[in-house]
Amino acid sequence: MSGETKGGPIVGVDVGGTFTDLFLFDPAKGTFRTEKVPSNRGDEAVGFMSGLRKLGGPAGFEAIVHGTTVGTNALLERKGCKLGIITTAGFRDVLEMRRRDRRHTWGLWGDFLPVTERDMRLEVAERVLADGTIHTAVQAEEVAAVARELLARGAEACAIIFINSYANAANERAAAAAVRAIWPNPHVSVSSEILPEIREFERASTTALNAYLQPVVASYLGKLESALSEDGFGGRFHIVQSNGGIMSTATARSVPVRTALSGPAAGVIAAAAIAKAAGFENAITCDLGGTSFDVSLVSRGRMELAAQATIDFGLVIRSPMIEITTIGAGGGSIAHVDRGGLLQVGPESAGSRPGPVCYGQGNTRPTLTDANVVLGRINADRPIGGALARLDVEGAKAAIAEHVGNPLGLDAMQAAEAIVRLANAKMAGAIRLVSIERGHDPQKFVALPFGGGGALHVGALIKEVGLRAALVPRFPGVTSAIGCVIADVRHDQVRTLNLNLDGIDAAALDTRMVEEATAARAVVDGAGLPVTRTEIRFELDMHYAGQTHTVGVPIPVHVIDGTTGVSEAIIRTAFEAAYQTAFSRLLPGLPIRIVSLRTAAIGVRPDFDLKALAPPKDATVEGAARGVRQVWFDGAWHTAQVWSRLDLPEGALVHGPAILEQGDATVVVDPDLVARVDGYGNLIIERE
Amino acid sequence: MSLDAVTLAVLKGRLEQIADEMDATLYRSAFNPIIAEARDACHGLYQAETGATLVQGTKGLPIFVGAMSFAVQAVIKRVQAGAGLEPGDTFIFNDPYEGGTHLNDFRLVRPVFRSGKLFCWLASVGHWLDIGGNVPGNYNPRATESHQEGVRFPPVKLFRAGVIQQDILDILAANSRVPQSNWGDLNGQLNALDLGERRLLELLDDTGDDVVEAAFGALADRAAALMQAEVEALPDGHYAFEDYLDNDGVVDERLTIALDMTVQGGRMTLDFSRSSAACLGPINISYATSVAACYVALKHAFPDVPANAGVLRPIDFVIPDNSLLAVGPPRPVAGYTETILRLIGVIFGALGKAMPDRATAAPFGTINALSLSGQKQDGTRWVMFSFFGGGLGGNPETDGLHHANNPISTATIPPAEIMEAAYPVMFTQWALRPDSGGAGLHRGGVGAVYEIEALSPGTTEVALLGERGRYAPFGVTGGSEGALNRFTWQDGTGWQTPPMASKIVGVKLQKGQRLRLESPGGGGWGDPKQRAREDVARDLRLGFVTAEVAKREYGYEA
């Protein structure tokens, strides 16, 4: 199906907590449309369908690609299914014992609720040793009996997790067959299928969380699919994974755990594409929400993936995921002065309910948003989202004076500015963490805010960290939905190898790599979306013998005529380059080991011309002017020009101080910065 | 120079980020799992003249946060005594009497110069796997002198003016069973120092030396003010608490840690005078270690107070020389973890009396340092060494956490699969331990049962250094004790128990024989009879308590 296109519209749908954002691209006409409808928490299908209908669909759409938080929410709220686990005798508590960690470094309070309780975790006699030897063979009858017991106790899904199954999956496979023969639904997750990698807790957690989500995600997708077909949709329906690639709904049903960071991953994919089109290979995406500030790095056009993520204390998913660094500084973060006299912003948050003081919903402690309102940066008469008529500036000002100004001996305006400065510093810290701390030169990066709030702070961030510029996409609020439309198809696999590099049997490794590549490619091909080509990427997790952490080593080989041509020398060179980059000191003479093989198949989607987002040709600077407003910068009121952002033409230059407003975002241009509209409708903010 | 509140808050974040980044660099590049997985390491910035802690990483091992300043002070003394100091020097040492903790903890201390003048110190500490001595891994429960525990390095220069001293490296390598592992860890620590130095110099260039120096002072003042506020919130009075160690592993007598905490006029005195005298076995601690342990306890009780020297300003210490809590050389100290865990518990106990509404019951209180070792087929030695988890105490907010790490640590436990892949052992049980959490309105978290079968064709030698075999983790405000620690093993005749409760060396397992370690849970908080009946029923259904205990402790019958 490579290269095949039907030409019907492709629609990206990102369902967030408050809004469902849609982006329709019509490849035949080269045009797009956006739509925003309220989300319906608990029944996300409602917003999803109403958005599609507003776009005139879904009948006639060629494809719908969906970024979803249904899985994440089910994990955070512990609203997955009633899960049964079958495990090795002696190990039923692995999931609850975790890695013997605790919630916080300091302070010993707090407990942990696993996704399934102890009486739903049953053991069978079976044992595989670390070298793959079967110590005790599994008995199918015993497994079936235990599975029946779990069903009797109400299990809706089953996870099978045996010790050392990464080394030999025979017992697990036999048990899986026995369970699947009697299990009344397809919700059976097997650890050697989900994550054939050493470390029992991480494998158990990933597998259990997967099974926990299977019924929830399957029922959600089923609901969407039937609603789509009722409305006459005959195209393809796909889901964005946490790795930034998309997958078929069939794959999503079997590995729903891969949807945990679906929405944010789509946003970063779009950000990477937008930055690249605008001429920036390197970007740091910033998403300022109500309670947190999330950043991700795009380096040379690629997003960074982390090997695992912790969704909540004790809930670990090990699967390649977009690497998101989160700090507790969002619009709702509460500012206060601690008993040592130090100003703090966050991590405590007023969230969106009751929300900032200026929302007038009962919170009396000032937040970052309150500071932005008091400083005139946010338009109090035209709140974003449209749910409130206006914001209570005086209430916000009084709260800031009382809780921050008085204790620090500042007036309300100075205090509000202090709150914004400290929040900026915290956000800058997060950006430093993903850039400078990883050895990247900030001058080569642009900050790219998406979501509604980031553009308020992005100017200050480029100054604080020394970034090259900020790039505000034309539609910050629908970035994730755009990402759905342009994301590649992707499938990741991992396999533990445990090999010495010295004297490695390269032919055997080559065979293994070709097998993995073939299997991964089959999943991508099976997704059925048009792709221009399918790339295979290999990475080895390696270290010096004796280390426990590994370095990800990209191996620069390709499968050509059934072989990768991999050799000991190729791997060694790649390892030393990767290790040197990570730690600066090589340790010559020590033996090198290969722990795991990671294989990614990437079906590259046809290019999407972002020029479609360019401003209308007849736009004029004069037509975009919206007068002036008083905005507080650097200790004084300034007269800032106000612009209707979407009405500015290509090439328009806006000198700070200025405020650019649009439906779902406010952009602040500081006095010493200048913003320019590029050919894609982006706003590029730089130093004067 | 005085700084405005915002600049100060911003600099605080930048400085902490430097220390955090040093921590992360070492975790990722360390060789031995005690650093890489268990994060038994720490980094920070220290004051030029006094060695006082300026900034420390937020993820570093809690006990080092208090101890590192003593390590830097030891180097300062050495410099003043004639060692001299020039840019490019880096000191290395592991002397526990000066630097606190025990011999495995190697400290690297490096000066940072600005315009030819010492600006501050950077330091790194990490737990190395083995540094000689009688027992692999150095937890020798029978040691009566430091010399039996391992090799001791006073502060010496590893680098002189930027040149590494090969003779020091050679001496280090000759004094370990696993020199490659130590060399790897040393390199990891040097990576961390290089990075910290680079980051700090960048910050100084960005911000100005005087601004950063002013921030150091102001941050300590703020920390002192915060701690002061916490102390002032306590009612004035005298709060006594004591707890016991089973024995020192050599003489089978209990040891007392007794605290008289006095809160008076905004100052807190921690007086340990009624504690036992120094002991023969290896559970003594040095003065530096005692102060560091007090710091850990206070920081857990008041988590918002930042990690710098200012915290200790409102606190006075009375710790008599040559007591169990302030020994000098050559008293053995390898088992220092057990003593500080008890000391921390005692502070929790006394604070619980001072502020019953915030009382926390005792955590499980032993690290259970277990080593298994033997010969491989090729004659080389294998050593498996790990610490094990237990339950945390019930508290006003929640039940205690099951299977957690100790308050002195943020260590994660190595996975069973990693240990089985590396050593000839098979875990036959890795489970939560019923009835081990102290009963209470909020129950203590339960401990664990680890059962290990020897797979080696030859003999597997076992040593354990643990505690709480005779004195259980206490409950507070009416809660009950957690279960005792229990260690047993099989020989040809059946299951055996150690004569000294939880300390033993020389146990020999043959292939197919097992050992079993059952760790304590935490103490309970509040009257068990008041625990919600559905919570007791749930504990019963899930097997965290048995029917007998439900009836006896909770007055519950199904």
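No experiment lies behind these values; they were computed from the predicted model shown.

Reading the values: the criteria
- Chains are numbered independently. Their residues run from 1 in the order of the written sequence.
- Here the convention is simple: chains get letters from A, ligands get numbers from 1, in the order in which they are written.
- Predicted model: local features are reported for residues with pLDDT of at least 70 only, side-chain atom pairs are reported and counted for 80 or more only, and whole-chain, interface and lining totals are derived from all residues.
- As a rule, the C-alpha atoms of each element are fitted with a line to give its axis, helices using only the stretch in contact, and angles between N-to-C directions run from 0 to 180 degrees.
- Put simply, DSSP H or I for four residues or longer makes a helix, DSSP E for two residues or longer makes a strand, and each gets a number counted from the N terminus.
- In this scheme, roughly parallel covers angles under 35 degrees and roughly antiparallel covers those over 145, while 65 to 115 is roughly perpendicular and the rest are oblique.
- The hand of a helix crossing depends on one turn: near helix anticlockwise from the far one by less than a right angle means left-handed, and clockwise means right-handed.
- By the convention adopted here, residues make contact when the C-beta atoms placed from their backbones lie within 7 Å.
- Throughout this entry, Asp, Glu, Lys and Arg are counted as charged residues, while Ala, Val, Leu, Ile, Met, Phe, Trp, Tyr, Cys and Pro are counted as nonpolar. The remaining residues, Gly among them, count as polar.
- A pair of strands is treated as paired once DSSP finds two or more bridges between them.
- UniProt positions are given in the numbering used here, feature names are shortened, and annotations may be inferred rather than shown by experiment.
- Where each domain begins and ends is defined by an automated method or by a domain database.

Asker: Sorry if this is basic, but what is going on with the packing of helix H1 (residues 5-29) of chain B against helix H6 (residues 179-207) of chain B here?
Answerer: If you want to describe how two helices pack, look at the angle between their axes and the distance between the axes. Residue and element names in this part refer to chain B. Here H1 crosses H6 at 160°, and the two axes come no closer than 8 Å. As the angle between them shows, H1 and H6 are arranged roughly antiparallel. Considering only the axes of H1 and H6, their crossing is right-handed. Of H6, the residues touching H1 (which contributes Leu11, Arg14, Ile18, Glu21, Met22, Thr25, Leu26 and Ser29) are Gly188, Gln189, Asn191, Ala192, Leu195, Gly196, Arg199, Leu200, Leu203 and Thr207. Looking at the contact of H1 with H6, its residues break down into eight nonpolar, seven polar and three charged.

Asker: What exactly am I supposed to notice about the packing of helix H8 (residues 287-301) of chain B against helix H9 (residues 336-354) of chain B here?
Answerer: All names here are of chain B. Two numbers describe how H8 lies on H9: the axes approach to 9 Å, and their chain directions differ by 45°. Looking at the two axes, H8 sits oblique to H9. Here H8 runs over H9; the crossing is right-handed. Across from Thr289, Ser290, Ala293, Cys294, Val296, Ala297 and Ala301 in H8, the residues of H9 making contact are Tyr336, Ile340, Leu343, Ile344, Ile347, Phe348 and Leu351. Taken together, the residues that form the contact of H8 with H9 break down as twelve nonpolar, two polar and no charged.

Asker: How do you make sense of the sheet that holds strand S30 (residues 658-662) of chain A when you look at a structure like this?
Answerer: The strands that make up a sheet pair up through hydrogen bonds in the backbone, lying either parallel or antiparallel. Residue and element names in this part refer to chain A. A sheet is described by the order of its strands in space; here four strands give the open sequence S27-S28-S30-S31, paired in mixed fashion. Each edge of the open sheet carries a strand with a single partner, namely strand S27 (625-633) and strand S31 (665-669). For this sheet, the mean angle separating the axes of adjacent strands, direction not counted, is 25°. In the sheet, S27 pairs with strand S28 (residues 636-644) via seven bridges, with the strands oriented antiparallel. Bridge pairing links Trp632 to Trp637 in S28.

Asker: Explain the UniProt feature "domain: Hydantoinase B/oxoprolinase" (unreviewed entry) in chain B here, please?
Answerer: Mapped onto this structure's residue numbering, the UniProt feature "domain: Hydantoinase B/oxoprolinase" (unreviewed entry) falls at residues 4-528 of chain B. Overall, residues 4-528 of chain B shows 30% helix and 24% strand. The separation of its end C-alpha atoms is 51 Å.

Asker: I tried to follow the domain arrangement of chain B on my own but got confused; where do I start?
Answerer: It is common to give the size of an interface as the accessible area that goes away when the parts come together. All names here are of chain B. Under the domain assignment used here, chain B contains domain 1 (5-225) and domain 2 (359-558). Distance between the C-alpha centres of domain 1 and domain 2: 33 Å. Across the boundary between the two partners, domain 1 contributes 16 residues, which contact 19 residues of domain 2. Of the residues that constitute the side of domain 1 that touches domain 2, the class distribution is nine nonpolar, one polar and six charged.

Asker: I keep staring at the sheet that holds strand S12 (residues 369-375) of chain B and nothing clicks. Help me out?
Answerer: Residue and element names in this part refer to chain B. Pairing in this open sheet of four strands is antiparallel, and the strands run S13-S12-S16-S19 from one edge to the other. In the strand order of this sheet, the two ends are held by strand S13 (381-386) and strand S19 (503-509), each with one partner. Ignoring which end each strand starts from, the neighbouring axes of this sheet average 15° apart. As paired elements, strand S16 (residues 460-465) and S19 share five bridges and run antiparallel to each other. Along S19, the bridge assignment pairs Thr460 with Leu509.

Asker: What exactly am I supposed to notice about the UniProt feature "domain: Hydantoinase/oxoprolinase N-terminal" (unreviewed entry) in chain A here?
Answerer: Under the local residue numbering, the UniProt record ascribes the feature "domain: Hydantoinase/oxoprolinase N-terminal" (unreviewed entry) to residues 11-181 of chain A. The straight-line gap between the two end C-alpha atoms of residues 11-181 of chain A is 39 Å; of that span, 27% is helix and 27% is strand.

Asker: Explain the domain arrangement of chain A to me, please; I cannot follow it from the model alone.
Answerer: Residues and elements named next belong to chain A. The domains assigned to chain A are domain 1 (10-75 + 219-259), domain 2 (488-604) and domain 3 (614-687). In this structure, domain 1 and domain 2 have C-alpha centres spaced 33 Å apart. In this complex, domain 1 contributes eleven residues to the contact, which on the side of domain 2 involves eleven residues. No other element matches strand S12 (residues 246-248), which puts three residues into the side of domain 1 that touches domain 2. Partitioning the side of domain 1 that touches domain 2 into residue classes produces three nonpolar, seven polar and one charged.

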